[in-house]
Amino acid sequence: MSLDSKIPSGPIDKKWTNHKANIKLVNPANKRKYKVIVVGSGLAGSSAAATLAELGYNVSCFCFQDSPRRAHSIAAQGGINGAKNYQNDGDSVHRLFYDTVKGGDFRAREANVHRLAEVSTQIIDQCVAQGVPFAREYGGHLANRSFGGAQVSRTFYAKGQTGQQLLLGAYSALSRQIGLGKVKMYSKTEMLELVLVDGHAKGIVVRDLVTGKISSHSADAVILATGGYGNVFFLSTNAMNCNVTATFKAYKKGAYFANPCYTQIHPTCIPSSGDYQSKLTLMSESLRNDGRVWVPKKANDTRDPKDIPENERDYYLERKYPSFGNLAPRDISSRSAKEVCDAGFGVGPLVGGKRLGVYLDFSESIERLGEKTIADRYDNLFQMYERITGENPYKTPMRIYPAVHYTMGGLWVDYNLQSNIPGLFVLGEANFSDHGANRLGASALMQGLADGYFVIPYTIGDYFAREGYKNIPNDGPEFKKAEKDAEDRIQKFLSINGNKTVDEFHRELGKIMWDKCGMARDKEGLQEALKRIPELREEFWKNVKVPGSGAELNQSLEKAGRVADFLEFGELMCLDALTREESCGGHFRTEHQTPDGEAKRDDENFCHVSAWEFQGDNKSPIEHKEKLEYENVKLAVRSYK
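As a starting point, this report considers the structure included with it. These numbers come from a predicted model, not from an experiment. (Residues numbered from 1 in each chain as written. Predicted model: local features only at pLDDT ≥ 70, side-chain atom pairs only at ≥ 80, totals over all residues. Heavy atoms only, no water.)

### Thoughts on the environment of leucine 449
Within the element layout of this structure, leucine 449 appears in helix α12 (residues 444–467). Leucine 449 sits in the buried class, given a relative accessible area of 0%. Separated by 229 residues in the primary sequence, leucine 449 and aspartate 220 have C-alpha atoms spaced 23 Å apart. When residues no more than four places from it in sequence are discounted, the contact partners of leucine 449 are Leu43, Ser47, Ile80, Ile123, Cys127, Leu166 and Phe454. (Helix = DSSP H or I, 4+ residues; strand = E, 2+ residues; numbered from the N terminus. Buried < 20%, exposed > 50% of the residue type's maximum accessible area, 1.4 Å probe, protein only. Contact = heavy atoms within 4.5 Å.)

### A closer look at the nonpolar core
Membership of the largest hydrophobic core comes to 177 residues, with the highest contact counts inside it found for Ile80 and Leu424. It is helix α16 (residues 555–579) that contributes the most residues to this core, twelve residues altogether. Residues Trp294, Ile308, Tyr315 and Val347 belong to the second largest nonpolar core, which totals five residues. (Core = buried A, V, L, I, M, F, W, Y, C linked by side-chain atoms within 4.5 Å.)

### Some points on the sheet that holds strand β17 (residues 398–407)
With antiparallel pairing, the five strands of this open sheet are ordered in space as β11-β17-β16-β12-β13. One side of each edge strand has no neighbouring strand; the edge strands of this open sheet are β11 (263–269) and β13 (313–314). Note: β11 against β17, five bridges, orientation antiparallel. Paired with isoleucine 265 across the strands is valine 404, a residue of β17. (Pairing = 2+ DSSP bridges.)

### Quick word on the packing of helix α14 (residues 502–517) against helix α15 (residues 523–543)
Orientation of α14 relative to α15, taken along the N-to-C sense of each, is 175°, at an axis distance of 10 Å. With respect to α15, the axis of α14 lies roughly antiparallel. Residues Phe505, Glu508, Leu509, Ile512, Met513, Lys516 and Cys517 of α14 lie in contact with α15, whose contacting residues are Gly525, Leu526, Glu528, Ala529, Arg532, Ile533, Leu536, Glu539, Phe540 and Asn543. Here the contact of α14 with α15 is built from residues that sort into ten nonpolar, two polar and five charged. (Axes fitted to C-alpha atoms, helices over the stretch in contact; angles between N-to-C directions. Parallel < 35°, antiparallel > 145°, perpendicular 65-115°, else oblique. Nonpolar A, V, L, I, M, F, W, Y, C, P; charged D, E, K, R; others polar.)

### Description of the pairing of strand β2 (residues 58–62)
Burial analysis of β2 places four of its five residues in the buried class, the great majority of the element. Alignment of strand β1 (residues 35–39) against β2, held across five bridges, turns out to be parallel. Counted as the bridge partner of valine 36 is valine 59 from β2. Regarding the hand of the β-α-β motif, the stretch spanning β1, helix α3 (residues 43–55) and β2 is right-handed. Relative to strand β5 (residues 183–186), β2 is paired through four bridges, and the arrangement is parallel. The residue of β5 that forms the bridge with serine 60 is lysine 184. (Right-handed = clockwise from strand over helix to strand, strands pointing away.)

### Examining the pattern of salt bridges
Between side chains of opposite charge, a pair can form when the charged atoms approach closely. The final tally for this structure, using the stated rule, is 57 salt bridges. Close ionic contact of arginine 313 with glutamate 310 constitutes a salt bridge, the shortest N to O distance being 3.4 Å. Judged by its relative accessible area of 11%, arginine 313 is buried. A salt bridge links aspartate 503 to lysine 559; its shortest N-O distance comes to 3.3 Å. On the criterion of sequence distance, the pair formed by aspartate 503 in helix α14 and lysine 559 in helix α16 is long-range, its members being 56 residues apart. Note on aspartate 503: relative accessible area 32%, which makes it partly exposed. Relative accessible area serves as the criterion here: at 31%, lysine 559 is assigned to the partly exposed category. A network of salt bridges, in which partner residues are shared, links Asp105, Arg107, Asp331, Arg335, Arg580, Glu582, Arg601, Asp603 and Arg638. (Salt bridge = Lys/Arg side-chain N within 4 Å of Asp/Glu carboxyl O.)

### A word on helix α4 (residues 93–103)
By the burial criterion, the buried members of α4 are Leu96, Phe97, Asp99, Thr100, Val101, Lys102 and Gly103. Lining the buried residues of α4 we find α5 (110–129) and α12. Phi turns positive, to about 55°, at aspartate 105, one or two residues after α4.

### Considering helix α11 (residues 371–389)
Here α11 spans only 20 Å end to end across 19 residues, well under the 27 Å set by a 1.5 Å rise per residue. The largest bend in α11 is about 85°, located at tyrosine 378. Among the residues of α11, those classed as buried are Ile374, Ala375, Tyr378, Asp379, Leu381, Phe382 and Tyr385. Among the structural elements, α10 (363–369) and β17 are those in contact with the buried residues of α11. (Expected span 1.5 Å × (residues − 1). Bend = angle between axes of the 7 residues up to and from the residue.)

### A word on the sheet that holds strand β6 (residues 189–197)
The strand order across the open sheet built from three strands is β6-β7-β8, with neighbouring strands paired in antiparallel fashion. Two strands close off the open sheet at either side, each with one partner strand: β6 and β8 (214–218). Averaged over all adjacent pairs, the angle separating strand axes in this sheet is 25°, with direction ignored. When strand β7 (residues 200–208) meets β8, the two strands line up antiparallel, connected through five bridges. Considered in β8, the bridge of glycine 203 is made with serine 218.

### Focus on the packing of aromatic side chains
All told, the structure shown has 32 aromatic pairs when counted by the stated rule. Aromatic pair tyrosine 251 and phenylalanine 614: ring centres 5.5 Å apart, planes at 65°, arrangement edge-to-face. Residue tyrosine 251 is located in helix α7 (residues 245–252), and its partner phenylalanine 614 is located in the loop between β22 (608–613) and β23 (622–627); the two are separated by 363 residues in the primary sequence. Ring geometry for tryptophan 294 and tyrosine 359: centres 4.7 Å apart, planes at 45°, overall tilted. Placement of the pair is tryptophan 294 in strand β12 (residues 292–296) and tyrosine 359 in strand β16 (residues 358–361), with a sequence separation of 65 residues. The pair formed by tryptophan 294 and tyrosine 359 is uniform in burial state, with each residue classed as buried. Taken together, the ring pairs connect Tyr34, Tyr57, Phe425, Tyr463, Phe464 and Tyr469 into an aromatic cluster. Above the ring of tyrosine 415, the side-chain terminus of arginine 115 is found at 4.1 Å from the ring centroid. In this structure, arginine 292 packs its charged tip against the face of tyrosine 315, placed 3.9 Å from the ring centre. (Phe/Tyr/Trp six-rings, centres within 6.5 Å; stacked < 30°, edge-to-face > 60°. Lys NZ or Arg CZ within 6 Å of the ring centre and 35° of its normal.)

### Overview of the pairing of β7
Across a regular strand the side chains alternate sides, sitting on one face of the sheet and then on the other. Buried residues dominate β7, accounting for eight of its nine residues. As paired elements, β6 and β7 share eight bridges and run antiparallel to each other. Of the residues in β7, the one forming a bridge with methionine 191 is valine 206. Between β6 and β7, which pair antiparallel one after the other, the connecting turn spans two residues, and aspartate 198 there sits at a positive phi close to 55°. Linking β7 back to β8 in an antiparallel pair, the connection comprises five residues, with glycine 212 at a positive phi of about 80°.

So, in structure tokens, the structure goes:
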């Protein structure tokens with residue numbers, strides 16, 4: 001079955017403008033009738049909630065953190081892209097569009113990507129107006145730096161804490177609407193069920209994480225802005241509470257899940273140091289502007305890096321990809337690091353029989369620019385690295401290694417960011433639409449704010465105008481059934497009383513996913529994972545230990561629900577990866593590579609989006625395909641050499 005993406009007709013640079021001119025509107029007086037639920041309070045959620053409330057809609061915003069300010073968007077470090085061309089270095093909306101499509105290995109939807117590039121310039125103006133303290137040049141102009149996959153400087157930044165500063169800007173807009181009474185904020189509250197009425201998304205069931213109370217909330221539309229699913233791997237750069245539950249519950253109610261196998265491995269993270277760890281730490285990709293990546297040319301070389309002369313160092317990214325060097329895209333840089341470490345040239349302590357680290361060296365930049373300049377750009381990142389490792393990166397090179405970071409897959413949405421379930425809209429990392437098989441650095445913040453500030457305010461109004469106002473009560477049979485389903489699931493967790501903790505099951509699942517569906521995948525490994533995950537899931541439902549009760553703060557219970565969803569979702573990821581018989585971006589099937597180890601796409605058979613439809617527990621999902629049409633860029637072998 002083909003999917004209708006509802007892409008407007010006309011030239012690509014006019015599609016969004018013409019679409020806005022032709023969609024239906026809701027007049028200001030009628031906007032006051034409509035209620036909107038926003039799940040998630042990161043950049044996509046906060047910006048959407050604030051903007052919709054500003055327009056006059058009545059918004060309820062839900063987050064499981066104690067404050068919207070703690071959403072995981074704060075963890076983004078390096079910057080946000082915007083095609084302003086302040087550097088006069090040849091950037092343009094078209095070049096950002098092309099870099100994004102190429103960076104995603106030609107597996108993103110052209111029209112959505114071009115719209116993202118178009119509104120990127122408005123995002124920067126919006127954030128400056130909110131007081132976001134972007135770095136500035138000496139003369140007062142906003143500064144830019146480069147990121148992987150681009151040959152221009154288009155990334156706006158606030159030292160190494162850009163995500164936090166942008167979130168504070170969005171939070172200020174959200175707080176204004178909370179104060180005016182147009183947004184009702186529910187913190188420490190987790191969505192457990194999506195509620196459909198006559199086939200349309202009309203509400204959610206949530207649990208108060210402090211009291212355990214289950215309650216229903218109705219609205220005229222539901223927006224999911226709940227981030228990605230990287231924690232299926234257990235070890236990732238995501239916050240410990242990041243999960244797949246909201247989008248997976250929507251999937252089980254009929255929303256299609258698109259490209260779940262597309263996972264981004266970030267090349268610049270602090271290496272794992274032992275089994276005791278429960279998460280990994282990101283070091284911003286922006287560091288690759290001034291840091292040079294290298295390993296010793298001699299295998300198992302344990303000398304101090306300062307004692308290894310230049311002629312005995314392999315700057316492998318500069319050697320393999322001279323046009324982009326250390327700013328090669330994330331998927332390519334990650335695989336290159338894995339290759340040199342697998343070949344025995346890694347650095348750092350032995351972990352599992354291998355040295356899983358490469359050097360990121362700032363000595364040349366410090367000598368050329370001075371320590372103060374490097375500190376102005378990255379000092380908070382250097383401090384964080386030293387606190388974690390005990391090593392001073394001003395004096396000795398950082399050690400980095402790839403880690404799970406971002407997920408390009410998500411719920412399928414059309415051009416209006418509406419899923420195949422009417423009334424269910426999906427924003428930011430929770431949808432699949434803009435990044436293809438690999439996200440360019442500094443584009444996550446751009447997408448979240450583009451969706452929330454500049455896309456959803458138009459497209460949700462079109463849905464309301466066509467659907468009409470319907471006062472949906474929150475005590476109807478659909479809500480009562482969803483509440484009972486949530487309660488029954490909680491009681492089931494609490495009644496098992498097994499011998500293994502939730503974390504033990506999560507760690508086992510994560511190891512399967514990393515080994516069989518991580519930086520490299522193959523048919524045999526994926527088939528093994530598809531055998532082992534159902535066995536682990538069966539054991540989970542027989543032997544998990546969840547202490548406490550459901551009528552109180554119970555973090556083990558919270559984790560149990562999320563890990564139960566991961567145990568089902570991991571199987572879907574592996575099935576998608578097995579079905580996609582090609583290599584593209586972050587999806588690297590070892591059977592499909594060029595003689596020099598690069599990803600080998602199959603455009604004839606796989607130039608499409610795979611969107612999976614749930615068929616029931618223990619039943620195989622159905623794959624739907626959206627063919628990807630490239631009219632403005634030419635399908636080509638991706639090269640950064």
